[in-house]
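Observations on the model geometry
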Amino acid sequence: MKESPQDTADFGYKTVDREEKASLVADVFHSVAAKYDIMNDLMSFGVHRLWKRQAIACSGVRKGHKVLDLAGGTGDLTAKFSQLVTESGQVILGDINDSMLKVGRDKLRDLGLVGNIEYVQMNAEALPFPDNSFDVITIAFGLRNVTDKDAALRSMYRILKPGGRLLVLEFSKTNNEALSKLYDLYSFNLLPTMGKIIANDSESYRYLAESIRMHPDQETLKSMMEEAGFEQTSYQNMTGGIVALHRGFKY
Amino acid sequence: MIEVVASAIVESCLNRLLVLEPELTRSLENCKHKVIAVELRDWQHTFALTYVGHQFIVFSQYQEHADCHISASLETLTKLTNPSLLTQLIRQEKLDLEGDLQLAQNYSSAFSNIHIDWAEHLSRYIGDAPAQQVINSTQKAHVQGKTIGSSFKSTVTQLCQDELKVTIHPLELEQYKMHTRHIKNQAAQLEQRIQLLLNR
Ligand SMILES: C[S@@+](CC[C@H](N)C(=O)[O-])C[C@H]1O[C@@H](n2cnc3c(N)ncnc32)[C@H](O)[C@@H]1O
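Everything in this summary refers to the structure shown in the same document. Predicted model only: the values in this text are computed from it and were never measured. (Residues numbered from 1 in each chain as written. Chains lettered and ligands numbered in written order. Predicted model: local features only at pLDDT ≥ 70, side-chain atom pairs only at ≥ 80, totals over all residues. Heavy atoms only, no water.)

**Examining the overall build of chain A**
In terms of helices and strands, chain A carries nine helices and nine strands. Computed over its C-alpha atoms, the radius of gyration of chain A comes to 17 Å, within 12% of the 18 Å expected for a compact globule of 251 residues. For chain A, the spread of C-alpha atoms along the principal axes amounts to about 45 × 40 × 35 Å. Counting the 251 residues in chain A, one finds 56% classified as buried. At a minimum sequence separation of 6, the contacts of chain A that also span at least 24 residues come to 70%. Approximately 11000 Å² of chain A is accessible, and the part contributed by carbon and sulfur atoms is 52%. Of note, chain A has its 30 positive side-chain charges centred 6 Å away from the centre of its 33 negative side-chain charges. (Helix = DSSP H or I, 4+ residues; strand = E, 2+ residues; numbered from the N terminus. Rg over C-alpha atoms; globule rule 2.2 N^0.38 Å. Buried < 20%, exposed > 50% of the residue type's maximum accessible area, 1.4 Å probe, protein only. Contact = heavy atoms within 4.5 Å. Areas by Shrake-Rupley, 256 points an atom, 1.4 Å probe, with all protein chains shown as cover. Lys, Arg positive; Asp, Glu negative; His and termini not counted. Charge placed at Lys NZ, Arg CZ, Asp CG, Glu CD.)

**A short note on the site of the ligand**
Residue and element names in this part refer to chain A. Around the ligand there are 19 residues in total, and Lys52, Ala71, Asp95, Asn123 and Ala124 lie nearest to it. In the environment of the ligand, a nitrogen atom lies 3.3 Å from a nitrogen or oxygen atom belonging to the backbone of isoleucine 96. Note that a nitrogen atom of the ligand is positioned 2.9 Å from one of the backbone N or O atoms of alanine 124. Protein contacts shield 97% of the accessible area of the ligand, which totals 600 Å² for the unbound molecule. Those elements giving two or more residues to the shell around the ligand turn out to be helix H1 (18-32) and helix H2 (36-44). (Near = heavy atom within 4 Å. Polar contact = N/O pair within 3.5 Å; in protein donor to acceptor, adjacent residues only side chain to side chain.)

**Topic: the packing of helix H6 (residues 149-159) of chain A against helix H9 (residues 218-227) of chain A**
All names here are of chain A. Axis separation between H6 and H9 bottoms out at 9 Å; the angle between their running directions is 50 degrees. When the interaxial angle is binned, H6 and H9 end up oblique. Handedness of the H6/H9 crossing: right-handed. Residues Lys149, Asp150 and Leu153 of H6 lie in contact with H9, whose contacting residues are Leu221, Met224 and Met225. Classifying every residue of the contact of H6 with H9 by side-chain character gives four nonpolar, no polar and two charged. (Axes fitted to C-alpha atoms, helices over the stretch in contact; angles between N-to-C directions. Parallel < 35°, antiparallel > 145°, perpendicular 65-115°, else oblique. Left-handed = near helix turned anticlockwise from the far one by under 90°. Nonpolar A, V, L, I, M, F, W, Y, C, P; charged D, E, K, R; others polar.)

**Regarding the side chain of asparagine 97 of chain A**
Residues and elements named next belong to chain A. Assignment of secondary structure puts asparagine 97 in the loop between strand E4 (90-95) and helix H5 (98-110). Classification of asparagine 97 by relative accessible area gives buried; the value is 2%. A distance of 3.1 Å separates a polar atom in the side chain of asparagine 97 from the backbone nitrogen of methionine 100. If we ignore the near neighbours within four places in the chain, the residues touching asparagine 97 are Ala26, Phe29, His30 and Gln121.

**Regarding helix H8 (residues 202-214) of chain A**
Each α-helix winds once per 3.6 residues, and so residues spaced three or four apart point in a common direction. Residue and element names in this part refer to chain A. In a regular helix each residue adds 1.5 Å, so 13 residues correspond to 18 Å; H8 covers 19 Å between its end C-alpha atoms and thus fits that length. For H8, the complete set of buried residues consists of Ser204, Tyr205, Tyr207, Leu208, Ala209, Glu210, Ser211, Ile212 and Arg213. Those residues of H8 that are buried are in contact with strand E1 (8-11), H1, H2, strand E7 (160-171) and helix H7 (177-199). (Expected span 1.5 Å × (residues − 1).)

**Some points on the side chain of threonine 147 of chain A**
Tracing the sequence through the fold places threonine 147 of chain A in the loop between strand E6 (134-140) and H6. If we skip the residues at most four places from it in the chain, threonine 147 of chain A touches Ala9, Arg18, Lys21, Ala22 and Glu125 of chain A.

**Here we look at H5 of chain A**
All names here are of chain A. For H5, spanning 13 residues, the distance from its first C-alpha to its last is 18 Å, which sits close to the expected 18 Å at 1.5 Å a residue. All of the buried residues in H5 are Met100, Leu101, Gly104 and Leu108. Seen along its axis, H5 keeps its buried residues to an arc of 95 degrees; they face one direction. Between the side-chain oxygen of the N-cap and the backbone nitrogen of serine 99 there are 2.8 Å, and the N-cap of H5 in question is asparagine 97. (Arc of directions from axis to C-beta.)

**Examining the environment of valine 25 of chain A**
Along the chain, valine 25 of chain A turns up in helix H1. Considering only alpha carbons, one finds valine 25 of chain A and tyrosine 183 of chain A, 158 residues apart in sequence, at a separation of 23 Å.

**Regarding the packing of aromatic side chains**
Counted according to the given criterion, the structure contains ten aromatic pairs over all chains. An angle of 90 degrees between the planes, with centres 5.0 Å apart, marks the rings of phenylalanine 129 of chain A and phenylalanine 134 of chain A as edge-to-face. Phenylalanine 129 of chain A gets classed as buried once you look at its relative accessible area, which sits at 14%. Between tryptophan 43 of chain B and phenylalanine 47 of chain B the ring centres are 6.2 Å apart and the planes differ by 65 degrees, which places this aromatic pair in the edge-to-face class. On the basis of relative accessibility, which here comes to 43%, the residue tryptophan 43 of chain B falls in the partly exposed class. (Phe/Tyr/Trp six-rings, centres within 6.5 Å; stacked < 30°, edge-to-face > 60°.)

**Topic: the interface of chain A and chain B**
Contacts between the two partners involve 24 residues from chain A and, on the opposite side, 25 residues from chain B. Regarding the contact of chain A and chain B, the summed buried area is about 2000 Å², with carbon and sulfur atoms giving 52% of it. Ranking the residues of chain A by area buried against chain B places Arg53, Arg62 and Gln83 of chain A at the top, with a combined share of 27%. Counting every contact that joins chain A to chain B gives six salt bridges. Ranked by the residues each element gives to the side of chain A that touches chain B, the list is headed by helix H3 (residues 47-59) of chain A, at eight residues. Classifying every residue of the side of chain A that touches chain B by side-chain character gives nine nonpolar, eight polar and seven charged. (Buried area = accessible area lost by both parts, 1.4 Å probe. Salt bridge = Lys/Arg side-chain N within 4 Å of Asp/Glu carboxyl O.)

**Observations concerning the sheet that holds E6 of chain A**
Residues and elements named next belong to chain A. An order of E5-E4-E3-E6-E7-E9-E8 is seen for the seven strands of this open sheet, with the pairing classed as mixed. Of all strands in the sheet, those with a lone pairing partner are strand E5 (117-121) and strand E8 (231-238), marking the two edges. Averaged over all pairs of adjacent strands, the angle between their axes in this sheet comes to 15 degrees, without regard to strand direction. Direction of pairing for strand E3 (residues 66-70) relative to E4: parallel, over a ladder of five bridges. Directly across from lysine 66, in E4, lies its bridge partner glutamine 90. (Pairing = 2+ DSSP bridges.)

**Re a negative patch on the surface**
A cluster of acidic residues, Asp7, Asp17, Glu19 and Glu20 of chain A, forms a negative patch on the protein surface. Looking at the secondary structure, you find aspartate 7 of chain A in the segment before E1. (Patch = residues over 30% accessible without salt bridge, like charges linked within 9 Å, V, L, I, M, F, W, Y side chains within 5 Å.)

**Thoughts on the sheet that holds strand E2 (residues 45-51) of chain B**
By way of backbone hydrogen bonds, the strands of a sheet pair with one another, either parallel or antiparallel. All names here are of chain B. With mixed pairing, the five strands of this open sheet are ordered in space as E3-E2-E1-E4-E5. Because the sheet does not close on itself, it has two edges, and the strands there are strand E3 (56-59) and strand E5 (95-99). Strand-to-strand twist in this sheet, taken as the mean axis angle between neighbours without regard to direction, amounts to 15 degrees. Strand direction decides the pairing type here: strand E1 (residues 35-40) and strand E4 (residues 68-72), joined by five bridges, are parallel. Looking across to E4, one finds that isoleucine 36 is bridged to cysteine 68. Contacting E2 and E3, helix H1 (residues 2-20) crosses the sheet at an angle of about 165 degrees to E3.

Here's what the structure looks like:
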C-alpha cells in the first residue's frame, strides 16, 4: 500500500488516485448542492450557524476590506461579510464546484445581497489571484476536501496582504471520550441514514463522515499553517473540539 | 459557546426591534458600520455590536479594536441606572470608556426614543381583546422598563459629561491606552518570533 504515496489521496477511508479525488469530491458536492443548506441545519442541529458566527467574530472583517470566502459553497459567510465590508469593500465567493456556486448565488441574490460579491470558480490549491490581494481569507468546512492541503495553505498565504489573516473552520478531534463515542455513533449511523432519507444519497454523507475523521487534528493543522508561513497561529475548540477555528497571520 | 448563543439571541431580538420600530433606522444612521464593544469584566468576555444598515450584527468574544469600548462588570453595568455613581465608578476604575463617546451617546438616545405600540403588534398575532389583556397585565413591568430605559439614557449622558471632568484628560488617557495596546501587540509578536527561533 505504501509504494507511491505521492500518487494517492484519501477519499474518506478509501485511498484513491490524487486526480480521482478531485472529481470524486466534485461528485459529492454536485449531488448535495440543492439540499446542502437544509442538510447542514439538520445534521448539526443548527449549530453550524453558531460555529460560523464565531468565525465571523474572529475575522476582523471591516468596512472596505477585500475578503475571500474560499470553498464558500452556498455563501453563509459571504452573506455576513458582504454587509460588513459595504460597497467600498469586496467579497469573493470561491468554490471549485459550479453547482454549489450557483446555489450560493441564487440564495444571496434572494437576500438582496448584490454589488460587492463576485462568484469565481477556483481550486484552493492554485488560487487565481496576484500576491498580496486579500485582507481576510476564510475557508469553512472546505479544507478537508482539498487534496493537497499544504499547497492550498501556501497559495492562501501568497495572496494574503501583509497584516492579513486566514481563518480555517473545520471539523477536528474531540478529546472527550464520551462525546467522541456519541459523535461516532451519530456520524456513521444516523448521518448516512438522514442523508438517504432527505437527500436520497447516503454515500455522499458517508464520505462526509469519513473525511471528517481523516482530517488533521488541531495541533497538526496549526503546524501545517506555520509550515506554509503563517505567524501567530492559534486555534479555539468549539463544541468540545468537534469543530476548531484556526487563525494565522501573514506579516 | 453559551456566549455565542446569547449573541445570536440578542441579535435576532435587535433585528426584530428594527422591524417594529422603523424610526430606529433613521436615528442609527450615524452609527452605521461603527463597532461598539462591551467588555463584561466578570465574564472576561467582550460582546460587540455593529449596525450595517437595516440590520444589526452582534459578535461574541470580540478581540478587534472597536470604535467605542466600554468595560465594566455586569454588576457595575446594572448600577448604571443610578447616574450619581458614575464618576465614582470611573475613578474607582470599575468602569472604563474609551473611543468614540458620540457613538455611545447615539446608541443610547436611539434606543431610549423607542415607543412601540405593543398592543397593535400583539393583536396581529392573538386578536384585540387578549392583546389588551396581555398589555394590561404587563403594564407594570413595562413602566418599570421605561424607568430603567430613561435612567440609562441620563446615565450615559452624564457619563459622557462626567468623563470630561475626570482627573486625567480623556485624550491623554486615550493616547496612553493606544500606546500600551501597541506595545502589548509588539511584545506579543516579539515573543512569537523568539519562540519560533527557539523552536528551530
Ligand atoms: C462542506 S462545503 C462548505 C461550504 C460553506 N463554506 C459552508 O460552510 O457552508 C465544502 C465546499 O468545498 C468545496 N471544495 C472542495 N474542494 C475544493 C477545492 N479544492 N477548492 C475549492 N473548493 C473546494 C466544495 O465544492 C464545497 O462547496
